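Next come the chains, spelled out residue by residue.
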Amino acid sequence: MRHLLSTISLLALLQILPTIDQAAAKENSPATESNAIQKVVNAKVMDNFPDGEFYPERLISRAELASILVKAFELENRQATKQEKIIVLPDVPSNYWAYQDIQTILKNDIMQGYRGGMFFPNQRITRAEALAIFGQAYGVFQFTDDTVNEMLKPYPDAGSIPSWARKAIATLVAEELIKTDSQNNINPLQPMTRGDMAHLLSEYLQRQGIRKPEKTK
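Residues numbered from 1 in each chain as written. Predicted model: local features only at pLDDT ≥ 70, side-chain atom pairs only at ≥ 80, totals over all residues. Heavy atoms only, no water.

Looking now at the packing of aromatic side chains. This structure, assessed with the given rule, holds nine aromatic pairs. Between Y114 and F120, the ring centres sit 5.2 Å apart and the planes meet at 65°, which makes this aromatic pair edge-to-face. An angle of 75° between the planes, with centres 5.9 Å apart, marks the rings of Y138 and Y204 as edge-to-face. Residue Y138 is found in helix α5 (residues 127-138), and its partner Y204 is found in helix α8 (residues 194-208); the two are separated by 66 residues along the sequence. Assigned by exposure class, Y138 and Y204 land together as buried. Aromatic ring contacts, followed pair by pair, group F73, F134, Y138, F141, F143 and Y204 into a single cluster. Against the face of F49 rests R58, its NZ or CZ located 4.6 Å from the ring centre. The ring of F119 has R62 sitting right over it, with the charged end atom 4.2 Å from the ring centre. (Phe/Tyr/Trp six-rings, centres within 6.5 Å; stacked < 30°, edge-to-face > 60°. Helix = DSSP H or I, 4+ residues; strand = E, 2+ residues; numbered from the N terminus. Buried < 20%, exposed > 50% of the residue type's maximum accessible area, 1.4 Å probe, protein only. Lys NZ or Arg CZ within 6 Å of the ring centre and 35° of its normal.)

If you want it as structure tokens, here you go:
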């Protein structure tokens, strides 16, 4: 009888093991879009729109990227930000909503203006641009060109990554922050969406263990 009970217990355990494994895999799987969005909203590095929706399919502008990175990397605390000089931008007046964030991002040499001192704050940004700029804020690893090429080789569309973005993107690859499509493409020339940015930020926040404190009222 005792042997029979042991056998029944073993069979029952074998039946539930796959369920346990599936639950563990789900727990350890990469963040889905919805929980990535929730993470970045909770951390106050991105916000929902006034109607309470996030709209992950919407595209990121240069001004939005500047504002997001200032929050995510707390750039206001970096020494370069404390420079008293004002960077004059004809298309970013002092009453522009992201004026201070754009000043901060430029002082830290994370983003650059264009000829004529223009910033083009409303210009949509490609994934290559966004990833390269994110890499600048994160800190680009000084890989050799051969190392960069080797690291990017597994991605079918690596050849379409602009030369100026390759080292920064290789840095994000090394840190396992890059999200690819189902064919493992980086899609560097596609526009950067809010959903893409939420995933990148959520992976960064998880890796760094950053938790933004709630502001007291």
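Taken as a whole and assessed by the stated rule, the structure comprises one cavity of 30 Å³ or more. Computed from the structure, the largest cavity encloses a volume of approximately 40 Å³. Forming the walls of the largest cavity are R127, L131, L177, I178, K179, M192, D196 and L200. Elements with a minimum of two residues in the lining of the largest cavity: α5 and α8. Among the residues forming the lining of the largest cavity, the class breakdown is five nonpolar, no polar and three charged. (1 Å grid on protein atoms, 1.4 Å probe; cavity = no way out; pocket = protein on both sides within 12 Å on 5 of 7 lines; lining within 4 Å. Points joined across faces, edges and corners; volume = space filled by probe spheres on them. Nonpolar A, V, L, I, M, F, W, Y, C, P; charged D, E, K, R; others polar.)

Two packed helices can be described by the angle between their axes and the distance between those axes. Closest axis-to-axis distance for the helix α3 (residues 62-72)/helix α4 (residues 99-107) pair is 8 Å, and the angle between their directions is 75°. In terms of axis orientation, α3 runs roughly perpendicular to α4. For the pair α3 and α4, the contacting residues are A63, A66, S67, L69 and V70 in the first and D101, I102, T104 and I105 in the second. For the contact of α3 with α4, the residue count by class is six nonpolar, two polar and one charged. (Axes fitted to C-alpha atoms, helices over the stretch in contact; angles between N-to-C directions. Parallel < 35°, antiparallel > 145°, perpendicular 65-115°, else oblique. Contact = heavy atoms within 4.5 Å.)

Turning our attention to the nonpolar core. Formed by 61 residues in total, the largest nonpolar core has its most connected members in I102, F134 and M197. Secondary-structure elements contributing two or more residues to this core are α2 (33-42), α3, α4, α5, α6 (145-152), α7 (163-174) and α8. Here this core takes eight residues from α5, the largest share from any one element. Filtering out sequence-adjacent residues up to four positions away, I102 remains in contact with A63, A66, L89, V92, Y96, F119 and P121. (Core = buried A, V, L, I, M, F, W, Y, C linked by side-chain atoms within 4.5 Å.)

Next up on the list: the layout of surface pockets. Of the pockets and cavities examined, the largest pocket occupies roughly 310 Å³. I110, Q112, A132, I133 and W164 are, among the 16 residues lining the largest pocket, the residues nearest its centre. Of all elements in the fold, only α5 and α7 reach the threshold of two or more residues within the lining of the largest pocket. By residue number, the principal contributor to the lining of the largest pocket is α5, which donates four residues. Here the residues of the lining of the largest pocket are counted per class, giving nine nonpolar, three polar and four charged.

Our focus in this paragraph is the environment of K39. Within the secondary structure, K39 sits in helix α2. Sequence separation of K39 and H199 is 160 residues, and the distance between their C-alpha atoms is 9.2 Å. What K39 contacts, discounting residues up to four positions off in sequence, is S202, L205 and Q206. Within the structure, the side chain of K39 is placed 2.9 Å from the side chain of Q206, a separation counted as a polar contact. (Polar contact = N/O pair within 3.5 Å; in protein donor to acceptor, adjacent residues only side chain to side chain.)

Quick look at the confidence of the model for the chain now. Of all residues in the chain, 82% attain a pLDDT of 70 or more, and the chain-wide mean is 85. Taken as a whole, residues 2-31 scores under 50 in pLDDT and shows four contacts with residues more than four places along the chain or in a different chain. Note on residues 211-217: pLDDT under 50 across the span, and seven contacts to partners over four residues away in sequence or across chains. (pLDDT = per-residue confidence, 0-100.)

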